[in-house]
Amino acid sequence: MPGTRRGGTVRYVAYRVLTPDGRKIDSVATLPSHPSPNDVRQVVNHLLDGGAAEHVVVLQKDRRTDMFVDEQSHLKHLRRNEAATALFRAAALRGNPHRDPETLPYIAGPAIVFDEPVWPKTKFST
């Protein structure tokens, strides 16, 4: 669904908010065709109630995509998010299916998962 905004091209990207209580809230974000990290942060920080977004690469339906969580969720003692944790752990477990999943970190608080990659690739990104 391409469109235009302020003379530039935009794209509409579906995302899902995974909440610790199991709710899944679907919506669509409007981003520039080639978003900067700040463009993406403007969308996700708002969804994280002002929390600082941490980017996490995840596998969703065996495809790479981007998930964002509050980087201080553990310090804030937010509840464990089972659905987001499963997505986060999928890549590690894919390479080592006999590993105990509980030896891997878990996701706490809400998580925003995009249907397609939105985080700009840089030489420092994953």
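Computed from a predicted model, the values in this text were never measured in an experiment.

**A word on the overall build of the protein chain**
Piece 1. Counting secondary structure elements, the protein chain contains 2 helices and 6 strands.
Piece 2. In the protein chain, the succession of helices and strands from N to C terminus is β-β-β-α-β-β-α-β.
Piece 3. Buried residues in the protein chain amount to 37% of all 126 residues.
Piece 4. Expressed as a percentage of contacts within the protein chain between residues at least 6 apart in sequence, the contacts between residues at least 24 apart total 56%.

**As for the packing of aromatic side chains**
Piece 1. Overall, the coordinates contain 3 aromatic pairs when judged by the stated rule.
Piece 2. Within the aromatic cluster, the residues linked to one another by ring pairs are Y15, F68, F114 and W119.

**Overview of the pattern of salt bridges**
Piece 1. Across all of its chains, the model carries 8 salt bridges by this definition.
Piece 2. For D21, the salt bridge is made with R23, and the minimal N-O distance between the two is 3.0 Å.
Piece 3. Across the pair R80 and E82 runs a salt bridge whose closest N-O atoms are separated by 2.9 Å.
Piece 4. The exposure class assigned to R80 is partly exposed, which follows from its relative accessible area of 26%.
Piece 5. Connected through salt bridges with shared partners, the residues R80, E82, R89 and E102 form a single ionic network.

**Quick word on the confidence of the model for the protein chain**
Piece 1. Model confidence for the protein chain is summarised by a mean pLDDT of 88, while 90% of its residues fall at 70 or above.
Piece 2. Mean pLDDT across the elements of the protein chain bottoms out in strand β1 (residues 3–5) (44) and peaks in strand β6 (residues 111–114) (97).
Piece 3. Predicted confidence is poor over residues 1–7, with pLDDT under 50, and the contacts of this stretch with residues over four places away or in other chains come to 11 contacts.

The rules we used
- Residues numbered from 1 in each chain as written.
- Predicted model: local features only at pLDDT ≥ 70, side-chain atom pairs only at ≥ 80, totals over all residues.
- Heavy atoms only, no water.
- Helix = DSSP H or I, 4+ residues; strand = E, 2+ residues; numbered from the N terminus.
- Buried < 20%, exposed > 50% of the residue type's maximum accessible area, 1.4 Å probe, protein only.
- Contact = heavy atoms within 4.5 Å.
- Phe/Tyr/Trp six-rings, centres within 6.5 Å; stacked < 30°, edge-to-face > 60°.
- Salt bridge = Lys/Arg side-chain N within 4 Å of Asp/Glu carboxyl O.
- pLDDT = per-residue confidence, 0-100.

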